[in-house]
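Topology and contacts: notes
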Amino acid sequence: MAVATATATLSSSSSLPFHSLHQQFPSKYFTVRPITVSLSEKIPAVTQSSEFTKLPIRTIPGDYGLPLIGPWKDRQDYFYNQGKEEFFRSRIQKYKSTVFKTNMPPGNFISSNPNVVVLLDGKSFPTLFDVSKVEKKDLFTGTFMPSTELTGGYRVLSYLDPSEPTHEKLKKLLFFLLSSRRDYIIPQFHESYTELFKTLEKEMEKNGKADLNSANDQAAFNFLARSLYGANPVETKLGTDGPTLIGKWVLFQLHPLLTLGLPKVLDDFLLHNFRLPPALVKKDYQRLYDFFYESSTAVLNEAGNFGISRDEACHNLLFATCFNSFGGMKIFFPNMLKWIARAGVELHIRLANEIRSAVKSAGGKITMSAMEKMPVMKSVVYEALRIDPPVASQYGRAKRDLMIESHDGVFEVKKGEMLFGYQPFATKDPKIFDRPDEFVPDRFVGEEGEKLLKHVLWSNGPETESPTVENKQCAGKDFVVLVSRLLVTEFFLRYDTLDIDVGTSPLGAKITITSLKRA
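Residues numbered from 1 in each chain as written. Predicted model: local features only at pLDDT ≥ 70, side-chain atom pairs only at ≥ 80, totals over all residues. Heavy atoms only, no water.

1. Digging into the UniProt feature "binding site: heme" (unreviewed entry) in the protein chain
- The feature "binding site: heme" (unreviewed entry), as given by UniProt, occupies C474 in the numbering adopted here.
- With respect to the helices and strands, C474 occurs in the loop between α18 (446-451) and α19 (477-494). (UniProt positions renumbered as here; feature names shortened; annotations may be inferred. Helix = DSSP H or I, 4+ residues; strand = E, 2+ residues; numbered from the N terminus.)

2. Concerning the pairing of strand β10 (residues 418-422)
- Taking burial as the measure, the 5 residues of β10 include 5 buried ones, the bulk of the element.
- One ladder, built from 3 bridges, connects strand β4 (residues 115-119) with β10; its direction is parallel. Bridging across to β10, L119 finds its partner in G421.
- Two elements, strand β7 (residues 393-398) and β10, share 5 bridges in a ladder whose sense is antiparallel. Across the sheet, Y395 pairs through a bridge with F420, a residue of β10. (Buried < 20%, exposed > 50% of the residue type's maximum accessible area, 1.4 Å probe, protein only. Pairing = 2+ DSSP bridges.)

3. Quick word on the packing of helix α11 (residues 282-295) against helix α13 (residues 310-343)
- α13 packs onto α11 with a crossing angle of 105 degrees between their chain directions and a minimal axis gap of 9 Å. By the angle between their directions, the pair α11 and α13 is classed as roughly perpendicular. Across the interface between the two elements, Y285, L288, Y289, F292 and Y293 of α11 pack against R310, D311, C314, H315, L317, L318, T321 and C322 of α13. (Axes fitted to C-alpha atoms, helices over the stretch in contact; angles between N-to-C directions. Parallel < 35°, antiparallel > 145°, perpendicular 65-115°, else oblique. Contact = heavy atoms within 4.5 Å.)

4. Some thoughts on unusual backbone geometry
- Here the residue pair P105 and P106 is connected by a cis peptide bond, since its omega of 10 degrees sits within 30 degrees of zero.
- One can find P106 in the loop between β3 (99-103) and β4.
- One non-glycine residue, D138, lies in the positive phi region at around 60 degrees.
- Considering the arrangement of structural elements, one finds D138 in the loop between β5 (134-135) and α6 (165-180).
- On the accessibility criterion, D138 (22% relative accessible area) is partly exposed.
- A positive phi is found at N460, a non-glycine position, where the angle reads about 70 degrees.
- Mapped onto the elements of the fold, N460 is located in the loop between α18 and α19.
- Taking relative accessible area as the criterion, N460 reaches 5% and is therefore assigned buried.

5. Re the sheet that holds β10
- As summarised here, the arrangement of the 5 strands in space is β3-β4-β10-β7-β5, forming an open sheet in which the pairing is mixed. Of all strands in the sheet, those with a lone pairing partner are β3 and β5, marking the two edges.
- The strands touched by helix α5 (residues 84-95) within the sheet are β3, β4 and β10, with β3 carrying the most contacts at an inclination of about 130 degrees.

6. Regarding the packing of aromatic side chains
- Taken as a whole, this structure holds 37 aromatic pairs when the rule is applied.
- A network of ring pairs unites the aromatic residues Y78, F79, Y80, F87, F88, Y395, F420, Y422 and F425 as a single cluster.
- One Lys or Arg, R181, reaches over the ring of Y184 and ends 3.8 Å from the middle of that ring. (Phe/Tyr/Trp six-rings, centres within 6.5 Å; stacked < 30°, edge-to-face > 60°. Lys NZ or Arg CZ within 6 Å of the ring centre and 35° of its normal.)

Structure (structure tokens):
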């Protein structure tokens, strides 16, 4: 959800993963589309080579510039002179290619090698998911890896390649967590987000507007703690400090990839040239660790069965919950409501009518089967995940010499080269999606709409495929979709419509609610 994102993410490459959530959310809890495998995945390599001949073999355009100077110039463009979207768009236009060479932040002094080959279309981008072609070791955050001092001295699951033995053990442990707590997801979401709605209403009554982000942060953390660990943070030493502590801890991991809105020279100097000392958040992290250690006895007991120490297990539980899952909800929930609010009253009426009718038919309760009868709601969630994925960047290092195909050409990548994809360009590919830059609420409704789901890639893999211990697809994929559906469902059971103001924050949109109309 990685952030994960973070999902994100919830959606990062290892947000609560295992062999298949389908086995942990059976039809009683979650209706899941069967796994489909594209024909190209079954074609032998020699046949694929013959397919490549239909397109010209091109030299990868672009360059890395002079040492030190090239990475610095690209970083200035990426963060300050152009911004992310224009950084990539201008280079596509310059090189007349969605595959090209450039440098990715942070560059000098933090990253040992900022050189990447960029993949920005829906055809080349999936190469990043194929672990037979790319290695994922220590690439979760890109061209640099945060200090393991921030994760108890361990390389946590997100940084492990599937070829590493610990990868499978940790995935199975986290799937045990999801499996054992699946019955608590819907009721605890209702409790935590009812509290959020009441908080927003009180703030609206007092100030005429309400800050969604801070209320969502608290609700998301409370929900995750209650549903996955049976613990209410407010009743522990942690109190309501969880989201703030997580925010500081995440900043120390991701600051080389962020801007904080400071004056340009100061912002760049402080965030992108040296690592902030982990010791400054050691006490904060310890408070989080103590909470998870005390709240996850059953899971820690199970860790021994997988050959994992209680200490390593706890650090991974903390990371999966706070960085991947909480991070994903922190980023994606406000972004999703942004798109829904902007879509206007007509969509709000459709959602309210569909949701209320399905819940009424289910005896007045939100159930998995009831949500499966809400096609517009489901499509809206997928469309938000398509247009605004919670984890935008994916990386992989070529395991061997590769031929990578875009819509317009075939490119040779050498063994050891770093591949990078900026997902919003791949999931807004105009050769795949009609009106790709528009939020189309019913894009995925019906048989033809469902065919497009294979191009929804937020989970570090196609929506039509499933996570396994052998891949890096977010195995909390179905969990993320479930809680996102729950948010839309709970919202439109309670409200008819909303109006918002949208600002920016280092992670996602900053949403101020200016109007809420109760049902």
